[in-house]
Amino acid sequence: MNQQNQSNGTPDKKLRILSGIQPSGTPTLGNYIGAMRNWKLLSNDYDCLYMIADLHSITVRQEPAKLRQQSTQLLALLLAIGLDPEQNILFFQSHVSQHTQLSWVLNCFTYMGEMSRMTQFKDKSAKHSDNINCGLFTYPVLMASDILLYQANLVPVGADQTQHLEICRDIANRFNGIYGNVFTIPEGYFPKFGAKVMSLQDPVRKMSKSDPDDCFISMLDNPDNVRRKIKRAVTDSDAAIAYDPENKPGVSNLLTIQSSLTGEAMDALVDSYAGKGYGVLKSNLTDVIIETLSPIQDKFNQYMNDKSYLETVWRSGAEHASRLAERTLSKVMKKVGFVSK
Ligand code: TYM
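Residues numbered from 1 in each chain as written. Predicted model: local features only at pLDDT ≥ 70, side-chain atom pairs only at ≥ 80, totals over all residues. Heavy atoms only, no water.

Caption draft 1: Structural view of the overall build of the protein chain. Secondary structure summary: the protein chain contains 13 helices and five strands in total. Whereas a compact globule of 341 residues would reach a radius of gyration of roughly 20 Å, the protein chain reaches 21 Å, a difference of no more than 12%. With respect to the three principal axes, the spread of C-alpha positions in the protein chain is 70 × 45 × 45 Å. Classification of the 341 residues of the protein chain by burial places 51% in the buried group. Nonlocal contacts in the protein chain, meaning residues at least 24 apart in sequence, comprise 76% of its contacts between residues at least 6 apart. Just so you have it, the protein chain exposes about 15800 Å², and 50% of that area is on carbon and sulfur atoms. A gap of 5 Å separates the mean positions of the 36 positive and 35 negative side-chain charges of the protein chain. (Helix = DSSP H or I, 4+ residues; strand = E, 2+ residues; numbered from the N terminus. Rg over C-alpha atoms; globule rule 2.2 N^0.38 Å. Buried < 20%, exposed > 50% of the residue type's maximum accessible area, 1.4 Å probe, protein only. Contact = heavy atoms within 4.5 Å. Areas by Shrake-Rupley, 256 points an atom, 1.4 Å probe, with all protein chains shown as cover. Lys, Arg positive; Asp, Glu negative; His and termini not counted. Charge placed at Lys NZ, Arg CZ, Asp CG, Glu CD.)

This is the structure in structure tokens:
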């Protein structure tokens, strides 16, 4: 599903959204454009839960103090992009034990063959060949549990999560086929442009926070860093500014970022660069990125200076999320035949 055919919640009962992000580094402009910005845009019309997927992040080795710091920063960033904790449930995945409980059950309804086909597993095992752990292998089952626990209707994510969403739907359908309608079957929600923001240095690969620093813009990059990174961004061999992701991936990526952040239609944006060179595009884009990130960074700093407020937010988020999660989990436990407590 994309922004064109989004379904609206009914006035009495809004449809539910669940999405998540890993605290495995500072989010990039790719995370923001592909997912987080949509979270904010959708937050008025849906009943939303946004989760910091800390359990997922230990599938790759993390330094404990750094993980804690990045997790707290991520919560501050979610608030800084305008997610109101009164209106949205913001929580840490590790605070809601039902995620791992459901994950065990769903592991028993998922096949090794299905997991072996996951491209992210293949990519990450190649990247971390010294640590191909079972968590990395069953990661999509935990992600399915995140979504199914809350009976989410819609999951706003970037294009790299498509395969994980498909397997989530398969697992849910399989379970429902055996036990009746236990799980809502979720749909993905992707931005029309920017579902896959590409690396600034290698624009045929997605922008990723685990790549070298000059490949991505971090949401906490200062203006000088933004300017330097965009200036050094790879463009294409000819000088024409056109949107053609296949033949001109570098310039198309820069156009995508600008169009996503300003809301300008791609055609109009490309027309506005007629007869101009890459220098103009890069300079405009730099301004747009700085204008987007500066107010977010100001708010981020305010939230980071108020730890007790952050704590209130995560405590209340965990409490609300647990209550909703328990409804689904207890239903699942009963269905599979466990004796009630
Ligand atoms: P993560 O932390 O890798 O990324 C968070 C979100 O950002 C999107 N994204 C991008 N979008 C466009 N261009 C890019 N270059 C780019 N890079 C990342 C991702 O698609 C994602 O939407 N497994 C998830 C976290 C997760 C989750 C969930 C998501 C755990 N449980 C349940 C949805 C529902 C992940 O690793 O996202």
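Caption draft 2: Structural view of the pairing of strand E2 (residues 47-52). Counted residue by residue, E2 has five buried out of six residues, so it is predominantly covered. As judged from the six bridges shared by strand E1 (residues 16-21) and E2, these two strands associate in the parallel manner. By the bridge assignment for E2, serine 19 is matched with tyrosine 50. Once the chain exits E1 it traverses helix H1 (residues 29-42) before rejoining the sheet at E2, and the crossover so formed is right-handed. Across four bridges, E2 lies against strand E3 (residues 89-92) in parallel orientation. Within E3, the position partnered with tyrosine 50 by the bridge is leucine 90. (Pairing = 2+ DSSP bridges. Right-handed = clockwise from strand over helix to strand, strands pointing away.)

Caption draft 3: Here's a closer look at the site of the ligand. By nearness alone, 28 residues border the ligand, and Gln22, Tyr139, Asp146, Asp160 and Val197 come closest of all. The side chain of asparagine 31 places a nitrogen or oxygen atom 3.0 Å from an oxygen atom of the ligand. Separating a nitrogen atom of the ligand from a side-chain N or O atom of aspartate 146 is a distance of 2.6 Å. Relative to its free-state accessible area of 710 Å², the ligand is covered by the protein chains to the extent of 97%. Broken down by secondary-structure element, the contributors of at least two residues to the shell around the ligand are E1, H1 and helix H7 (134-149). Of the residues assigned to the shell around the ligand, the class counts are 13 nonpolar, 10 polar and five charged. (Near = heavy atom within 4 Å. Polar contact = N/O pair within 3.5 Å; in protein donor to acceptor, adjacent residues only side chain to side chain. Nonpolar A, V, L, I, M, F, W, Y, C, P; charged D, E, K, R; others polar.)

Caption draft 4: Spatial organisation of the pattern of salt bridges. Throughout the structure, instances matching the rule amount to 13 salt bridges. Residues aspartate 211 and lysine 127 are paired through a salt bridge, measuring 3.6 Å at the closest nitrogen-oxygen approach. Taken together, the residues aspartate 211 in the loop between strand E5 (187-189) and helix H9 (223-232) and lysine 127 in helix H6 (residues 119-127) connect sequence positions 84 residues apart. You can call aspartate 211 buried: its relative accessible area is 10%. In this structure, arginine 205 engages aspartate 202 in a salt bridge whose closest nitrogen and oxygen atoms are separated by 3.7 Å. Overall, arginine 205 belongs to the partly exposed group, its relative accessible area being 40%. (Salt bridge = Lys/Arg side-chain N within 4 Å of Asp/Glu carboxyl O.)

Caption draft 5: Broad picture of H6. Residues Gln120, Phe121 and Ser125 constitute the buried set of H6. Viewed end-on, H6 has its buried residues packed into an arc of 125°, placing them on one side of the element. Along H6, exposed side chains directed more than 90 degrees from the buried face belong to Asp123 and Ala126. Close packing links the buried residues of H6 with helix H5 (112-116), H7 and helix H8 (162-179). (Arc of directions from axis to C-beta.)

Caption draft 6: Spatial organisation of the packing of aromatic side chains. Scanning the entire structure with this criterion turns up 10 aromatic pairs. Aromatic side chains phenylalanine 193 and tyrosine 243 sit 5.6 Å apart centroid to centroid with 80° between the ring planes, which places their arrangement in the edge-to-face category. On the criterion of sequence distance, the pair formed by phenylalanine 193 in the loop between E5 and H9 and tyrosine 243 in the loop between H9 and helix H10 (249-262) is long-range, its members being 50 residues apart. By relative accessible area, phenylalanine 193 is classed as partly exposed at 24%. (Phe/Tyr/Trp six-rings, centres within 6.5 Å; stacked < 30°, edge-to-face > 60°.)

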